[in-house]
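Summary of the model geometry
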Amino acid sequence: MFDGLKIKTLRTEQQLSLKELAAKSGVSISMISQIERGNTDPTLTTLYKLCKGLDVSISTLLGADEQTTQIVRKEERKTVDFPQSNSKYHLLTPINEGSIEMILIQMEPGQQDQQLVEHAGEECGFILSGEMTIVLGEEEYILREGDSIRFKSATPHRFVNHTDRVATSIWAMTGRVL
């Protein structure tokens, strides 16, 4: 379960009311309150919006990495599970300052982000197995195993697993997305 107290802590540190964060993020006051109290887990889209409203990366919400090395061992990887989105994000880079992050995304069959997201930076992805539809603004691209893509993260985008198989992909992103 996601620790909603981290959202509340960041919000209060920035001296933002629930109403102000709702206005900055586009997430309702009621939803923010439920997340902060631990009554619900945010969807990935909601988490992106809250991060944008708080001007932080998702990794900020996961806590700072205590490691001094830049190696992430498979068994020590942090995983962010979004049960409402049926997807898992495995962090492949340490959670500390840096200009690029890598994640492994596993999307269950039929899973799709409900809303387009946008943020600073650039992304490139590689499909390890399965297929994904990448929606970029008004365009849709079907990527199959072995295909790759690159785009500016400011382009509204979302991912869809349009198949009946798990889709696994690796993504590199600049701009401290996670």
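Here, the structure is the one placed above.
Everything numeric in this text was worked out from a predicted model, so none of it was measured.

**Some thoughts on the sheet that holds strand S5 (residues 131–136)**
Strand order in this open sheet of three strands is S6-S5-S8, and the pairing throughout is antiparallel. Of all the strands in the sheet, the pair left with one neighbour each is strand S6 (139–144) and strand S8 (157–160). In this sheet, adjacent strand axes meet at a mean angle of 20° when their direction is disregarded.

**Let's talk about the pattern of salt bridges**
The final tally for this structure, using the stated rule, is three salt bridges. Where Glu36 meets Arg11, a salt bridge forms, and the shortest distance between an N and an O atom there is 2.7 Å. Of this pair, Glu36 sits in helix H3 (residues 29–36) while Arg11 sits in helix H1 (residues 5–13), and the two are 25 residues apart along the sequence. By the burial criterion, Glu36 is buried, and Arg11 matches it. Across the salt bridge formed by Arg150 and Glu122, the nearest N and O atoms sit 3.4 Å from each other. On the criterion of sequence distance, the pair formed by Arg150 in strand S7 (residues 148–152) and Glu122 in strand S4 (residues 122–129) is long-range, its members being 28 residues apart.

**Observations regarding helix H2 (residues 18–25)**
Every buried residue of H2 is listed here: Leu21, Ala22 and Ser25. Within H2, the buried residues cover an arc of 105° as seen down the axis, which keeps them to one side. Seen from the open side of H2, the exposed residues pointing more than 90 degrees away from its buried face are Lys19 and Ala23. Directly after H2, the chain includes Gly26, whose backbone phi takes a positive value near 80°.

**Let's talk about empty space enclosed by the protein**
Counted according to the given criterion, the structure contains two cavities of 30 Å³ or more. Space inside the largest cavity adds up to approximately 70 Å³. Every residue lining the largest cavity is counted, 13 residues in all, and those nearest its centre are Tyr48, Tyr89, Val117, His157 and Phe159. Of all the secondary structure elements, the ones that give two or more residues to the lining of the largest cavity are helix H4 (44–54), strand S3 (100–107) and S8. The element best represented in the lining of the largest cavity is S8, accounting for three residues.

**Brief notes about the sheet that holds S7**
Pairing is antiparallel in the open sheet, where six strands are placed in the order S1-S2-S3-S9-S4-S7. Edge positions in the sheet fall to strand S1 (79–82) and S7, since each has one partner strand and no second. Going across the sheet, the axis of each strand differs from the next one's by a mean of 20°, ignoring polarity. Inspection of the sheet shows S1 paired to strand S2 (residues 87–91) by four bridges, in the antiparallel sense. Looking at S2, one finds that Thr79 is bridged to His90.

Basis of the calculations
- Sequence order sets the numbering: in each chain, residues are counted from 1 along the sequence as written.
- Thresholds applied to this predicted model are a pLDDT of at least 70 for local features of residues and 80 or more for the giving and counting of side-chain atom pairs; totals over whole chains, interfaces and linings are not thresholded and use all residues.
- Think of the side-chain values as coming from all heavy atoms in the structure, minus any hydrogens and water.
- Two strands make a pair as long as DSSP finds a minimum of two bridges between them.
- In this description a helix means any DSSP run of H or I spanning at least four residues, a strand means any run of E spanning at least two, and both kinds are numbered starting from the N terminus.
- Whenever a helix is involved, its axis is fitted only over the stretch in contact; in every case the axis is a line through C-alpha atoms, and angles between N-to-C directions fall within 0 to 180 degrees.
- Any Lys or Arg side-chain nitrogen found within 4 Å of a carboxyl oxygen on Asp or Glu counts as a salt bridge.
- Burial classification: accessible surface area is computed with a 1.4 Å probe over protein chains only, and a residue below 20% of its type maximum counts as buried, one above 50% as exposed, and the rest as partly exposed.
- For this quantity, the arc is that covered by the directions from the helix axis to the C-beta atoms.
- Computed over the protein atoms alone on a 1 Å grid, cavities are sets of points where a 1.4 Å probe fits but cannot get out and pockets are open sets with protein on both sides within 12 Å along at least five of seven lines; a residue lines them when it has an atom within 4 Å of a point.
- Grid points are joined across faces, edges and corners, and a volume is the space filled by probe spheres set on the points.

Keep in mind that these numbers describe shape and distance, not what the molecule does.
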